[in-house]
There are 2 protein chains.
Amino acid sequence: MGNINYSETKFLKIKEPTVLKSGKTLPCIDIAYETYGKLNENKDNAILVLHALTGSAHAAYYHKDTNKPGWWDDMIGSGKAFDTDKYFVISSNILGGCYGTTGPASINPETGKQYALDFPVVTIEDIVNVQKKLIDYLGIKKLIVAGGSMGGMQAIEWSIKYPDTVKSTILIATSARLNAQGIAFNAVARNAILTDVNFNNGNYYDKEKTPDSGLSIARMIGHITYLCEEAMYNKFGREFKTTPSFDFGIDFQVESYLAHQGKVFVDRFDANSYLYITKAVDYYDPIKEHGSLEEAFKNTNSRFLVISFSTDWLFTTEQSKQMVNALVKMNKDVSFVELESKCGHDAFLLEFEKQTKIIKSFLKG
Amino acid sequence: MGNINYSETKFLKIKEPTVLKSGKTLPCIDIAYETYGKLNENKDNAILVLHALTGSAHAAYYHKDTNKPGWWDDMIGSGKAFDTDKYFVISSNILGGCYGTTGPASINPETGKQYALDFPVVTIEDIVNVQKKLIDYLGIKKLIVAGGSMGGMQAIEWSIKYPDTVKSTILIATSARLNAQGIAFNAVARNAILTDVNFNNGNYYDKEKTPDSGLSIARMIGHITYLCEEAMYNKFGREFKTTPSFDFGIDFQVESYLAHQGKVFVDRFDANSYLYITKAVDYYDPIKEHGSLEEAFKNTNSRFLVISFSTDWLFTTEQSKQMVNALVKMNKDVSFVELESKCGHDAFLLEFEKQTKIIKSFLKG
């Protein structure tokens, strides 16, 4: 189906210090980003897509170095939901991440060593403020923002913090704040990393052994929350991998799946980054910050599209409706769709056709 | 409110070998048990209550050694759901447990050392067969069985395996088999134990350091599944313990709760036992064993009471209904109630009043 498009990751260096919500300062920040399509002359055709917990700047096309497609490649491209024939799509790795943007594995210029846990705790607000520097650098004044899950939280914050910049906001499988159960899962995941004997208070970068067990457990917990019982039933049921082992090896297919997910994750992600990013998610709470969701959205000038998935129990339809209700109350232009899906929270990364139809229609409107 | 009743834990020694479902043999088994009330002359007023994952034989009264009430003390006693004025209530620690009945921490008579992982994997069927030896020893021919959660699985197996013995079966917050999501949670919990650096392949009994981190994580995961988002919201919401720490200490009240639950659990439970017992739960599947639930229940001569709780997402009302439907199909005498509760799966240990009313009425019938 046509030529393959290749992408490359570019870097913007922010050389002036950045003050964070915590009051701490980062002396300089690298931002890893990719772009797809062309910025028009008026510089008003940009869409910033915002990645979820463990994503990267590589959202679309095939990466010229790795030859791997981006995490939303089915959504971004010619004729796709985010149509690169029309739009200039931007994706950047979040602050605190481990895919090129400054994070705990980056070198602290003051010590010449990795920050590790000396890296300051960052928030969704900090992450968005750093993205704003990239958007300013690109000379973009008006913007569409779109994100799923934690990416949706960033989109919410964009619409609140930069009302003059954001003209449309697409929130998918997200919520204005994590519920207590979500915090609980993140807390246990972090606990698994923090208590891994190889964690060494975050100073494992030059060590032979890294906190793989803890990070792997964290990832397994994550995957349980990304699926739903229906998805697990459809994928694995109670099927054994072979026969009951009568020992503590891998017995059930679902165990095998989780073990695999844990294993591949430790090869691609930094345990410290997992701590920082889950903490940013836990902390985000514009309701507490602004007094109410209505107050939070009061000044936004954006149109909104809110999409939830019927089997998503991490970011529920009910939570989406809370945002929709607040936006309606504040007389904002908002469209809401709950999509039927058997995929749980993962649906935002899987249900392309359903999302594409709705997003295209919203972007036309 | 009357005198305090005290209980003591007794022990039955099974000196002949017991062949397990795996084909392996245990040379001898101790069974720790308690009884409340008096066995009548006909020996037909007995109720066997069956404990959940981490319970013990100490189900009721105050223990004469520890002065602590039993785990179902609000349900067992004079005038209570299981009325000791009328009934002789029996409770025993399960095979593989760590509260007196033979388990991985018991001495292997062949080596003179703890079994650890040389202990054979046990199943719900094995657990019930061992309980039957206790019931035979007590000279009881007819019996009521009652249990919640994993205790309910044992009650199901009792009704299937010993149709001539069980006259009434009370199944609370349980299911004929764990769903894929439940297996997933148990798998991650076991993984946390198995990968703890102090686990040492189960040989930690004479070591200074034990796999506390892993066991603690396992328990935290368990507690997330015992509560529900509504219960978490009511208990903790998104409240901070004090203020945001901007580090990776305990921030939210829900984190504090989980950390506490993990901490106290390692002082009272054996990590190896946790492996064996969760595995027994994962394996139990009378549907696969008998071809269908109808076929499994075909020969039972018991009446059934099935109780589920509206917010229980570990053992759902839907799963209870599957059992009820199968029992109805097989023309068995079955009563079913879904109780409204905000407590999640934990409700079977908390909602005494609601359960008492229903159980009393069932036992009268």
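Up top is the structure these notes are about.
The paragraphs below set out a description of the structure included in this document. This one's a predicted model, so the numbers in the text were calculated from it and none came from an experiment.

This paragraph deals with the overall build of chain A. A count of helical and extended segments in chain A gives 11 helices and 16 strands. Overall, the C-alpha framework of chain A stretches about 65 × 50 × 50 Å when taken along its three principal axes. When each of the 365 residues of chain A is scored for burial, the buried share is 60%. By sequence separation, contacts in chain A at least 24 residues apart represent 70% of the contacts at least 6 residues apart. Entry remark: accessible area of chain A is about 14600 Å², with carbon and sulfur atoms responsible for 48%. Taking the 40 positively charged and 43 negatively charged side chains of chain A as two groups, their mean positions are separated by 4 Å.

Glancing now at the sheet that holds strand S6 (residues 46–50) of chain B. The strands that make up a sheet pair up through hydrogen bonds in the backbone, lying either parallel or antiparallel. Residue and element names in this part refer to chain B. Taking strand neighbours across the sheet as the criterion, the 8 strands line up as S2-S5-S10-S6-S13-S14-S15-S16 in an open arrangement whose pairing is mixed. Only two strands of the sheet have a single neighbouring strand rather than two, namely strand S2 (10–14) and strand S16 (334–339). Averaged over all pairs of adjacent strands, the angle between strand axes in this sheet comes to 20°, irrespective of strand direction. Across 4 bridges, the pairing between strand S5 (residues 29–36) and strand S10 (residues 88–92) is antiparallel. Paired with Glu34 across the bridge in S10 is Ser91. Here helix H10 (residues 317–329) sits on the sheet in contact with strand S14 (166–172), strand S15 (303–309) and S16, set at roughly 165° to S16. Running over the sheet, helix H11 (residues 352–364) touches S6, strand S13 (143–148), S14, S15 and S16 and is turned about 170° from S15.

On to the relation of the copies chain B and chain A, then. Aligned on chain A, chain B shows an RMSD of 0.0 Å; the corresponding rotation is 180° and the shift along the axis is 0.0 Å. Both copies of the chain, as the preceding transformation shows, are related through a two-fold rotation axis. Within chain B, Val197 of chain B has its C-alpha nearest the rotation axis, a separation of 3.2 Å. When the interface residues of chain B are mapped onto chain A, 100% of them are again interface residues, pointing to one common binding face.

Before going further, it helps to spend a moment on the side chain of Gln355 of chain A. Residue and element names in this part refer to chain A. Along the chain, Gln355 falls in helix H11 (residues 352–364). A relative accessible area of 0% means that Gln355 is categorised as buried. Of the polar contacts made by the side chain of Gln355, one reaches the backbone oxygen of Phe348; its length is 3.1 Å. With sequence-adjacent residues up to four places away left out, Gln355 is seen in contact with Trp72, Met75, Ile172, Phe309, Leu339, Ala347 and Phe348.

Next up on the list: the interface of chain B and chain A. If you look at the interface, chain B gives 53 residues, while chain A gives 53 residues. Summed over both partners, the interface of chain B with chain A comes to about 4600 Å²; 70% of that surface belongs to carbon and sulfur atoms. Of all residues in chain B, the largest losses of buried area upon contact with chain A belong to Arg238, Phe246 and Phe248 of chain B, amounting jointly to 21% of the total for that side. The interface formed by chain B and chain A holds 6 salt bridges in total. Here Arg238 of chain A ties to Asp285 of chain B by a salt bridge, and the two come within 3.0 Å at their closest N and O atoms. Counting across the interface, chain B meets chain A through 22 residue pairs in polar contact (both at pLDDT 80 or more). Among the elements that line the side of chain B that touches chain A, the one with the most residues is helix H3 (residues 180–194) of chain B, at 11 residues.

Before going further, it helps to spend a moment on the packing of aromatic side chains. Overall, the coordinates contain 42 aromatic pairs over all chains when judged by the stated rule. Seen in terms of ring centroids, Phe265 of chain A and Tyr274 of chain A are 5.8 Å apart; in terms of plane orientation they differ by 80°. Their pairing is edge-to-face. Chaining the aromatic ring pairs together yields one cluster made of Tyr99, Phe265, Phe269 and Tyr274 of chain A. Seen from the ring of Phe265 of chain A, Arg219 of chain A lies directly overhead, with NZ or CZ sitting 4.3 Å from the centre. Sitting above the plane of the Phe362 of chain B ring, Arg303 of chain B keeps its charged end 4.1 Å from the centroid.

All names here are of chain B. Axis separation between H3 and helix H7 (residues 271–283) bottoms out at 10 Å; the angle between their running directions is 160°. If you check the angle between H3 and H7, you find them roughly antiparallel. Considering only the axes of H3 and H7, their crossing is left-handed. Facing H3, whose interface residues are Ile183, Asn186, Ala189, Arg190, Ile193 and Leu194, H7 presents Ala271, Tyr274, Leu275, Thr278, Lys279, Val281 and Asp282. Of the residues contributing to the contact of H3 with H7, the split by class is 8 nonpolar, 2 polar and 3 charged.

Turning to the environment of Asn203 of chain A, a few remarks are in order. Take Asn203 of chain A: it is sitting in the loop between helix H3 (180–194) and helix H4 (212–226). The spatial distance from the C-alpha of Asn203 of chain A to the C-alpha of Tyr115 of chain A is 8.8 Å, given a sequence separation of 88 residues.

Residue and element names in this part refer to chain A. Considering all chains together, one arrives at 31 salt bridges over all chains under this definition. Between Arg177 and Asp285 there is a salt bridge; the shortest N-O distance is 3.1 Å. In this pair, Arg177 sits in the loop between strand S14 (166–172) and H3 while Asp285 sits in the loop between helix H7 (271–283) and helix H8 (286–290), placing the two residues 108 residues apart along the sequence. For Arg177, a relative accessible area of 26% gives the class partly exposed. By relative accessible area, which is 6% here, Asp285 ends up buried. A network of salt bridges, in which partner residues are shared, links Lys21, Glu125 and Glu289.

Residue and element names in this part refer to chain A. Pairing is mixed in the open sheet, where 8 strands are placed in the order S2-S5-S10-S6-S13-S14-S15-S16. What marks the edges here is a single partner per strand, and that holds for strand S2 (10–14) and strand S16 (334–339). In this sheet, neighbouring strand axes are inclined to one another by 20° on average, regardless of whether the strands run parallel or antiparallel. Relative to S16, strand S15 (residues 303–309) is paired through 6 bridges, and the arrangement is parallel. Considered in S16, the bridge of Phe304 is made with Val334.

This part is about the pairing of S5 of chain B. Residues and elements named next belong to chain B. In terms of burial, S5 is a largely internal element, 7 of the 8 residues being buried. Inspection of the sheet shows S2 paired to S5 by 5 bridges, in the antiparallel sense. Among the inter-strand pairings, Leu12 is bridged to a residue of S5, identified as Ile31.

This next bit is on the packing of H3 of chain A against H4 of chain A. Residue and element names in this part refer to chain A. Where H3 contacts H4, the two axes come as close as 7 Å, and the packing angle between them is 160°. The angle between H3 and H4 falls in the class roughly antiparallel. The hand of the H3/H4 crossing is right-handed. Along its contact with H3, which presents Phe185, Val188, Ala189, Ala192 and Ile193, the element H4 presents Gly214, Leu215, Ile217, Ala218, Ile221 and Thr225. In terms of residue class, the contact of H3 with H4 is made up of 9 nonpolar, 2 polar and no charged.

So, about unusual backbone geometry. Positive phi values are uncommon outside glycine, yet Ala116 of chain A reaches one of about 50°. Residue placement: Ala116 of chain A occurs in the loop between strand S12 (113–114) and helix H1 (124–137).

Definitions and limits used
- Residues numbered from 1 in each chain as written.
- Chains lettered and ligands numbered in written order.
- Predicted model: local features only at pLDDT ≥ 70, side-chain atom pairs only at ≥ 80, totals over all residues.
- Heavy atoms only, no water.
- Helix = DSSP H or I, 4+ residues; strand = E, 2+ residues; numbered from the N terminus.
- Buried < 20%, exposed > 50% of the residue type's maximum accessible area, 1.4 Å probe, protein only.
- Contact = heavy atoms within 4.5 Å.
- Areas by Shrake-Rupley, 256 points an atom, 1.4 Å probe, with all protein chains shown as cover.
- Lys, Arg positive; Asp, Glu negative; His and termini not counted.
- Charge placed at Lys NZ, Arg CZ, Asp CG, Glu CD.
- Pairing = 2+ DSSP bridges.
- Axes fitted to C-alpha atoms, helices over the stretch in contact; angles between N-to-C directions.
- Least-squares fit on C-alpha atoms with pLDDT ≥ 70 in both.
- Polar contact = N/O pair within 3.5 Å; in protein donor to acceptor, adjacent residues only side chain to side chain.
- Buried area = accessible area lost by both parts, 1.4 Å probe.
- Salt bridge = Lys/Arg side-chain N within 4 Å of Asp/Glu carboxyl O.
- Phe/Tyr/Trp six-rings, centres within 6.5 Å; stacked < 30°, edge-to-face > 60°.
- Lys NZ or Arg CZ within 6 Å of the ring centre and 35° of its normal.
- Parallel < 35°, antiparallel > 145°, perpendicular 65-115°, else oblique.
- Left-handed = near helix turned anticlockwise from the far one by under 90°.
- Nonpolar A, V, L, I, M, F, W, Y, C, P; charged D, E, K, R; others polar.

In short, shape yes, function no, at least from these values alone.
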